[in-house]
Amino acid sequence: MSSPTPPLAEALPTVGFIGLGNMGSGMTRNLQAAGFPLVVTDLRRESAEELIAGGARWGETPREVAAMSDLVITMLPTPKHVAAVAAGAEGLIAGLPDGGTWVDMSTSVPDVLEAVRIEQAGRGLHLLDAPVSGMSVGAAAGMLQIFIGGDATDVARLRPVFEAMGDPERILHVGGHGAGYAVKLMINQLWFSHLVATAEVLSVGVAAGVDLGVLRDALIASPANSTFVSRDVLSILDNGDYDEGFAIALACKDLGLSVDLARSVGMPVELSSLVEQIFRRARAQYGDHAGEMTPVRLYEELLGRDLRREVAA
């Protein structure tokens, strides 16, 4: 039997945060700016220096973070990292009190939290999956999209915490446990597919003699328009920025998780599998730390020129 849902304290609760990378650093700064007391940890203590200077406490281990916090958030690169942080004598589960709350905001799969839910069934833990979209820019601005899987009462209770990190209009309760993970993987999969399709279309059109800016304007005015065509691709077309804030190694990880999810539910995903292989080819050619939009470079090399539009002075 689960324990009663613990209310948020009248004073803002202490938030434990594990993972201070490109995303976690911005998320924690916004939590701190909103007044939430923080307990943080990361593989690199130097990543917490600014937060500590602002009043955050440092936890030596995930267990220590959980023990000193009213709720714990993890923001980590892969499901393996999430599982490793949770497990063992110094893991966050060991420090989480009965009836405690853990929100995993990593892009992950349902298996990790589901295993904890089964193993710790008698402890009344409140576990939510709440992955995000918006890249590091959205994390820094506190305007992330957040897709939450879990009990509605927990989502409502924790909404002030989510609103400190995300756009209130785009904080969505998408279903029960695991639904947040699934929605985020599908969003990533479609965005990556848009990227590859857009790179192909722009390259073919330019090779056929159409001005790049004119071609893009025509796409925007057509039924083929997308957010990627109208907004996201401009980082490349105007600035030559392939978004190194999110490494292609992580993009390949997300694509693999998406294809694995499809396999687990018995759905064939031929197109998604091909997109995954294109991303893996770009990773092999340009390295793990290249930006997530680097597959566009594959098409630029075939075209023999960079895809850059002329911007009026």
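Residues numbered from 1 in each chain as written. Predicted model: local features only at pLDDT ≥ 70, side-chain atom pairs only at ≥ 80, totals over all residues. Heavy atoms only, no water.

1. Considering unusual backbone geometry
We note that M135 has phi near 60 degrees; this positive angle belongs to a residue other than glycine. Looking at where M135 falls in the secondary structure, it is placed in helix α7 (residues 135–141). A positive phi angle, close to 60 degrees, is found at D243, a residue other than glycine. If you trace the backbone, D243 turns up in the loop between α13 (234–239) and α14 (248–264). (Helix = DSSP H or I, 4+ residues; strand = E, 2+ residues; numbered from the N terminus.)

2. Focus on the environment of D129
Within the secondary structure, D129 is located in strand β6 (residues 126–129). For D129, a relative accessible area of 1% puts it in the buried group. The spatial distance from the C-alpha of D129 to the C-alpha of G149 is 5.1 Å, given a sequence separation of 20 residues. The residues touching D129, leaving out its near neighbours within four places in the chain, are D104, L113, F147, I148, G149, H177, G178, A179, G180 and Y181. There is a polar contact of 2.8 Å between the side chain of D129 and the backbone nitrogen of G178. (Buried < 20%, exposed > 50% of the residue type's maximum accessible area, 1.4 Å probe, protein only. Contact = heavy atoms within 4.5 Å. Polar contact = N/O pair within 3.5 Å; in protein donor to acceptor, adjacent residues only side chain to side chain.)

3. What to know about the nonpolar core
Looking at soluble globular proteins, one finds that nonpolar side chains tend to be buried together. Grouped together as the largest cluster of nonpolar side chains are 32 residues, with contacts concentrated most on L31, I73, M105 and F162. Put simply, the parts of the chain that give this core at least two residues each are β1 (15–18), α1 (22–33), β2 (38–41), β4 (71–74), β8 (144–149) and α9 (159–165). If we skip the residues at most four places from it in the chain, M105 touches M27, I73, T74, M75, A130, P131, V132, I146, F162 and M165. Of all hydrophobic cores here, the second largest spans 31 residues; its members include L212, I236, C252 and Y286. (Core = buried A, V, L, I, M, F, W, Y, C linked by side-chain atoms within 4.5 Å.)

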